[in-house]
Amino acid sequence: MSLTRKAPLPGASFGATLRFCGGAGEVVAAAERDPKSLPAALAEAKGLLLIQGMNDITGDPDLLIRLSRVFGPEVEDYRHTLTDLKSVHVSVPEILLVSNMPPVGKAPPKRPEPPLAADGLIPVQYPHRKGWHTDQSYRRPPPDISLFYAVTPARRDTGQTLFANGILAYAALPSALKAKVDELEGLHAQPGSGRSRDAALAGRPPRAFAIHERSQRQPVVRTHPVTGERSLYLCEWGQMDWFEGPFVGLEPGPCGAGAALLDEIMAHLTERRFCYAHEWTQGDLLIWDNRCLVHAATWFDGDREDRLMWRTTVHGNPGAHYAGEKKSWIPAYSRAG
């Protein structure tokens, strides 16, 4: 495969931009001829790749599916998940629609207050920036890779996607904090299930779970199945279970010892030295590794701008910790214990 690699991404200490000769069709064909090249580049970049100029995907969405298959044996069909079908592409069910436009109608996140950090840049560090998560961590086994394509991005300087690198953050943990988290498990909950920190603080009781919807334990520190590197793996305000968690075996609830520890870890993980902020251009494609990155969306003016992004999710290599597990979110496969 003929490509140029530039690393790290601007303003970051990880990630890489890949440049190919030709359009999206040529990129996908080259990746299929040399299927180990892009996954190797992703691992080398510690979990984040940018490919620009992929505009032809808009007219031929199957190109996105073909490229996704290079990264793993299963590209998720969103018709068979807990996803609202309004957010599923009508003719390519492996594509999730992330948009403020009908029929999806997903509102952008709120603008942080204050809107800028002390260094004059957009805030990234929790809790000033909220919304940090890794895709579908409320499932076991969790997914490996996400591909995110800009059909219609928001204007420059808004609608960014932020990334924080769990490998770099884990390596930099103070030794006392590293000892606390190495064997710890987090309890992850599906957004919208009523188990968020906001709900717990407001005293709103959560709804009952069906067995395939229940919160899932995940190790706070994962070993990457490709590189062997150790990485932090947890979310924050809206994707942890704040009634029974956020951590297994620690005081539960939004104000207890578990909450204090999560706040400490997330503030460390999202320090600017571990982060990258992507300014979207139409035709950009980001490929990220959920096993070692968390990400967050930023505000854009949803009343004046239309934004449409396409996402695919790739499964197949979550690591030895999940060996032999069936999909927790499929009712027929759900474990009773």
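Because the structure is a prediction, the values reported are computed rather than measured.

Criteria and thresholds
- Residues numbered from 1 in each chain as written.
- Predicted model: local features only at pLDDT ≥ 70, side-chain atom pairs only at ≥ 80, totals over all residues.
- Heavy atoms only, no water.
- Helix = DSSP H or I, 4+ residues; strand = E, 2+ residues; numbered from the N terminus.
- Rg over C-alpha atoms; globule rule 2.2 N^0.38 Å.
- Buried < 20%, exposed > 50% of the residue type's maximum accessible area, 1.4 Å probe, protein only.
- pLDDT = per-residue confidence, 0-100.
- Phe/Tyr/Trp six-rings, centres within 6.5 Å; stacked < 30°, edge-to-face > 60°.
- Lys NZ or Arg CZ within 6 Å of the ring centre and 35° of its normal.
- Polar contact = N/O pair within 3.5 Å; in protein donor to acceptor, adjacent residues only side chain to side chain.
- Contact = heavy atoms within 4.5 Å.
- Core = buried A, V, L, I, M, F, W, Y, C linked by side-chain atoms within 4.5 Å.
- 1 Å grid on protein atoms, 1.4 Å probe; cavity = no way out; pocket = protein on both sides within 12 Å on 5 of 7 lines; lining within 4 Å.
- Points joined across faces, edges and corners; volume = space filled by probe spheres on them.
- Nonpolar A, V, L, I, M, F, W, Y, C, P; charged D, E, K, R; others polar.

**As for the overall build of the chain**
(1) Moving on: Looking only at helices and strands, the chain has seven helices and 15 strands in total.
(2) Moving on: Its C-alpha radius of gyration of 19 Å places the chain within 12% of the 20 Å reference for a compact globule of 337 residues.
(3) Moving on: Counting only C-alpha atoms and orienting by the principal axes, one finds that the chain spans roughly 55 × 50 × 45 Å.
(4) Moving on: Classification of the 337 residues of the chain by burial places 53% in the buried group.

**Remarks on the confidence of the model for the chain**
(1) Moving on: In this model, the chain carries an average pLDDT of 96, and 99% of its residues clear a pLDDT of 70 or more.
(2) Moving on: No element of the chain has a lower mean pLDDT than strand E1 (residues 3–6), which averages 89, and none a higher one than strand E7 (residues 161–165), which averages 99.

**A word on the packing of aromatic side chains**
(1) Moving on: Applying the stated rule across the entire model yields four aromatic pairs.
(2) Moving on: With a centroid separation of 5.6 Å and an interplanar angle of 80°, the aromatic rings of Phe 148 and Trp 280 are classed as edge-to-face. Of this pair, Phe 148 sits in strand E6 (residues 145–152) while Trp 280 is found in the loop between strand E12 (275–278) and strand E13 (285–289), placing the two residues 132 residues apart along the sequence.
(3) Moving on: Summarising the aromatic geometry, the rings of Tyr 149 and Trp 310 are spaced 5.9 Å apart at their centres and angled 50° between planes, so their arrangement reads as tilted. With Tyr 149 in strand E6 and Trp 310 in strand E15 (residues 308–315), this pair connects stretches of sequence that are 161 residues apart.
(4) Moving on: Classification of Trp 310 as buried rests on a relative accessible area of 6%.
(5) Moving on: The ring of Trp 237 carries Lys 130 above its face, with NZ or CZ at 4.8 Å from the centroid.
(6) Moving on: Residue placement shows Arg 222 over the ring face of Tyr 233; its charged tip is 4.6 Å from the ring centre.

**Points about the side chain of Gln 218**
(1) Moving on: Here Gln 218 shows up in strand E9 (residues 216–219).
(2) Moving on: Only 2.9 Å separates the side chain of Gln 218 from the backbone oxygen of Ser 137, close enough to count as a polar contact.
(3) Moving on: Of note is the side chain of Gln 218, whose polar atom sits 2.5 Å from the side chain of Tyr 322.
(4) Moving on: In this view, Gln 218 contacts Ser 137, Arg 139, Arg 140, Pro 142, Leu 184, Glu 185, Gly 186, His 188, Tyr 233 and Tyr 322; residues no more than four positions away in its chain are not counted.

**Re the nonpolar core**
(1) Moving on: Ranked by internal contacts, the top residues of the largest apolar core, which has 35 residues, are Met 54, Phe 71, Leu 147, Ile 287 and Trp 310.
(2) Moving on: At the level of secondary structure, the elements contributing two or more residues to this core comprise strand E2 (16–20), helix H1 (24–33), helix H2 (37–44), strand E3 (48–51), helix H3 (62–69), E6, E13 and E15.
(3) Moving on: Setting aside residues no more than four positions away along its own chain, Phe 71 makes contact with Leu 38, Pro 39, Leu 42, Ile 145, Leu 147, Ile 287 and Val 314.
(4) Moving on: Formed by 31 residues, the second largest nonpolar core is a distinct cluster that contains Val 220, Leu 261, Leu 262 and Ile 265.

**With respect to empty space enclosed by the protein**
(1) Moving on: In this structure the tally under the stated criterion is two cavities of 30 Å³ or more.
(2) Moving on: Roughly 40 Å³ of volume is contained in the largest cavity.
(3) Moving on: For the largest cavity, the full set of lining residues is Leu 82, Tyr 138, Arg 139, Gln 190, His 212, Glu 213, Arg 214, Gln 216, Ser 328 and Trp 329.
(4) Moving on: Class assignment of the residues belonging to the lining of the largest cavity gives a composition of three nonpolar, four polar and three charged.
(5) Moving on: The wall of the second largest cavity is formed by Leu 42, Ala 43, Lys 46, Gly 47, Ile 167, His 224, Thr 227, Glu 229, Asp 289 and Cys 292.
(6) Moving on: Split into classes, the residues belonging to the lining of the second largest cavity amount to four nonpolar, three polar and three charged.

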